[in-house]
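This is what each chain is made of:
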Amino acid sequence: MDLSRTPARRWLSPVPWGFALLAAASSLTYGGDHAVNAWASTNLANMGDHPVEALITSAFLFGADPWACLRSIALAGAILAFLVIRFGNVRAVALIAAGQGLGTLVSEGLLAARIAAGQADPALRTTLDVGPSYVIVSALAAVAVAGARRWHRWTALAALAVRAPHITSGLTTLGVTPVGHVTALSTGMLLAWGPRSSDARHRYLHRLTLRAAPLQTEERTNGRALST
């Protein structure tokens, strides 16, 4: 049974709780460890050496400041809970994984192209880049577009509005982080829009069926009356 479909238990989904607990444990333990952060960084050097491990580990490192870390984890957990309520556990994980993966691949791929063209410093290949921002941005975008409740959508929109200056800062200079943010945001919106459109079509067809049912019943009744 999908916990996201049961009102009394949907908040107990393992996705937001598991993410929050793992993020808290890893960030409070290793958030200030430079060696761990350097290994987990989703930069070009690591993406060429251990891409899967870097993509996964990076998403659970929120930084060294304990209070800022816990506040960010609380926000991420709430947004992931909204995401699971709407899409279920498996689809929610697939969506944020796509946001993290595409956000990293597009931004780092663009950086690689710029370095090859002599438009960026090769030292940027080893830039420290950790954190769950692509996960959070893609989840916020998906909830804003297709959240299960109106207040879920408004909460996600408000959070995006507050984070907009941070999300887009440096975009005009094709910075890695803003390019990744915009890619993750677009990914979340597009992946959420498809199911929303499908649900809208299903609701429309269901309404047509309900409207047609009385007419069909009346036609059958009239047909039987004429035959007698």
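Residues numbered from 1 in each chain as written. Predicted model: local features only at pLDDT ≥ 70, side-chain atom pairs only at ≥ 80, totals over all residues. Heavy atoms only, no water.

Draft legend 1. Molecular detail of the side chain of Ser138. Mapped onto the secondary structure, Ser138 falls in helix H7 (residues 133-146). Excluding anything up to four places from it in sequence, Ser138 contacts Leu95, Ile96, Gly99, Ala184 and Gly188. (Helix = DSSP H or I, 4+ residues; strand = E, 2+ residues; numbered from the N terminus. Contact = heavy atoms within 4.5 Å.)

Draft legend 2. Structural view of a nonpolar patch on the surface. Nonpolar side chains collect at one region of the surface, where Leu28, Trp67 and Leu70 lie side by side and expose about 350 Å² of accessible area between them. As for its placement among the helices and strands, Leu28 is situated in helix H1 (residues 14-30). (Patch = residues over 30% accessible without salt bridge, like charges linked within 9 Å, V, L, I, M, F, W, Y side chains within 5 Å. Areas by Shrake-Rupley, 256 points an atom, 1.4 Å probe, with all protein chains shown as cover. Salt bridge = Lys/Arg side-chain N within 4 Å of Asp/Glu carboxyl O.)

Draft legend 3. Summary view of the nonpolar core. Core analysis: the biggest nonpolar cluster contains 41 residues, and Phe19, Phe62, Ile73, Leu83 and Leu140 have the highest contact counts within it. When contributions to this core are tallied by element, the ones reaching two or more residues are H1, helix H5 (66-87), helix H6 (89-116), H7, helix H8 (150-168) and helix H9 (176-227). With 11 residues, H7 is the single largest residue contributor to this core. Non-local contacts of Ile73, meaning those with residues more than four positions away in its chain, are made with Ala20, Ala23, Ala24 and Phe62. (Core = buried A, V, L, I, M, F, W, Y, C linked by side-chain atoms within 4.5 Å. Buried < 20%, exposed > 50% of the residue type's maximum accessible area, 1.4 Å probe, protein only.)

Draft legend 4. Structural context of the side chain of His152. Counting through the fold element by element, His152 comes out in helix H8. Looking at His152, the relative accessible area reads 2%, which means it is buried. Leaving out residues up to four positions away in the same chain, His152 has contacts with Phe82, Ile85 and Val143.

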